[in-house]
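What follows is each chain in one-letter form.
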Amino acid sequence: QVQVVESGGGLVQPGGSLRLSCAASGSVFRLYAMGWYRQAPGKQRELVASIISDGSTNYGDSVKGRFTISRDNAQNTVYLQMNSLKPEDTAVYYCNAYLSWVRGDYWGQGTQVTVSS
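Summary of the structure given here. (Residues numbered from 1 in each chain as written. Predicted model: local features only at pLDDT ≥ 70, side-chain atom pairs only at ≥ 80, totals over all residues. Heavy atoms only, no water.)

### Side note on the overall build of the chain
We count it as follows: Helix and strand definitions follow DSSP, with helices as H or I runs of at least four residues and strands as E runs of at least two, each counted in order from the N terminus. The classification of residues rests on relative accessible area computed with a 1.4 Å probe and restricted to protein chains. Under 20% of the type maximum is buried, over 50% is exposed, and intermediate values are partly exposed. Contact definition: two residues touch when any of their heavy atoms are within 4.5 Å. Note on areas: Shrake-Rupley with a 1.4 Å probe; residue coverage comes only from the protein chains shown. Positive charges come from Lys and Arg alone, negative charges from Asp and Glu alone, with His and the N- and C-terminal ends not counted. Working definition for charges: the position is that of NZ of Lys, CZ of Arg, CG of Asp or CD of Glu.
Each helix and strand counted, the chain has zero helices and eleven strands in total. Across the chain, helices and strands are ordered from the amino to the carboxyl terminus as β-β-β-β-β-β-β-β-β-β-β. The buried share of the chain, reckoned over its 117 residues, is 41%. Of the contacts made within the chain by residues no fewer than 6 positions apart, 54% connect residues no fewer than 24 positions apart. As presented, the chain carries roughly 6,500 Å² of accessible surface, and 47% of it is formed by carbon and sulfur atoms. Placing the 10 positive and 8 negative side-chain charges of the chain at their respective mean positions leaves the two points 1 Å apart.

### Re the nonpolar core
The condition is simple: By convention a nonpolar core is built from buried Ala, Val, Leu, Ile, Met, Phe, Trp, Tyr and Cys residues, the set being connected through side-chain atoms within 4.5 Å.
Counting 29 residues, the largest nonpolar core has Trp36, Leu80, Met82 and Tyr93 as the members making the most contacts within it. Elements with a contribution of two residues or more to this core: strand 1 (2–7), strand 3 (18–26), strand 4 (33–39), strand 5 (46–52), strand 7 (67–72), strand 8 (77–82), strand 9 (91–100) and strand 11 (111–115).

### Details of the pattern of salt bridges
Rules: Any Lys or Arg side-chain nitrogen found within 4 Å of a carboxyl oxygen on Asp or Glu counts as a salt bridge.
Counting across every chain of the model gives four salt bridges. Where Asp89 meets Arg66, a salt bridge forms, and the shortest distance between an N and an O atom there is 2.8 Å. Within this pair, whereas Asp89 is found in the loop between strand 8 and strand 9, its partner Arg66 is found in the loop between strand 6 (57–59) and strand 7, the two being separated by 23 residues in sequence. With a relative accessible area of 0%, Asp89 lands in the buried category. Here the salt bridges do not stand alone but share partners, grouping Arg38, Glu46, Arg66 and Asp89 into one network.

### A short note on the sheet that holds strand 3
Filter applied, for reference: A pair of strands is considered paired only if DSSP assigns at least 2 bridges between the two. Axes here refer to lines fitted to C-alpha atoms; in helices the fit is confined to the stretch in contact. Angles between the N-to-C directions go from 0 to 180 degrees.
Taken together, the four strands give an open sheet; going across it, the order is 1-3-8-7, and neighbouring strands pair in antiparallel fashion. At either margin of the open sheet sits one strand with a lone partner, and together these are strand 1 and strand 7. Averaged over all pairs of adjacent strands, the angle between strand axes in this sheet comes to 15°, irrespective of strand direction. Looking at chain direction, strand 7 and strand 8 are connected through six bridges and run antiparallel. Among the inter-strand pairings, Ile69 is bridged to a residue of strand 8, identified as Leu80.

Have a look at this one:
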């Protein structure tokens, strides 16, 4: 089985920064992509950022220019550097590891990010 574990969430003031980490472990052989999603209460889960095995990245419009996703392929770990945080960034952030079309994807349990003064 594949395990996905996030860490790094917490309380931060507006304008501050946080770095989230996500590690995939277990029966991971090929990992095509990893991504960060977030979900605020009463809202749908939305894409924050994703990174493919070749290094290409995608970002949600609301975080472009503020967030940066990076990946350590050797350790099956992805990071999300979040700068200039806003109250509207408050959400539970989930990590997703997409292994392949055949093996599917796996979700972490989420880590809470709260942006408030």
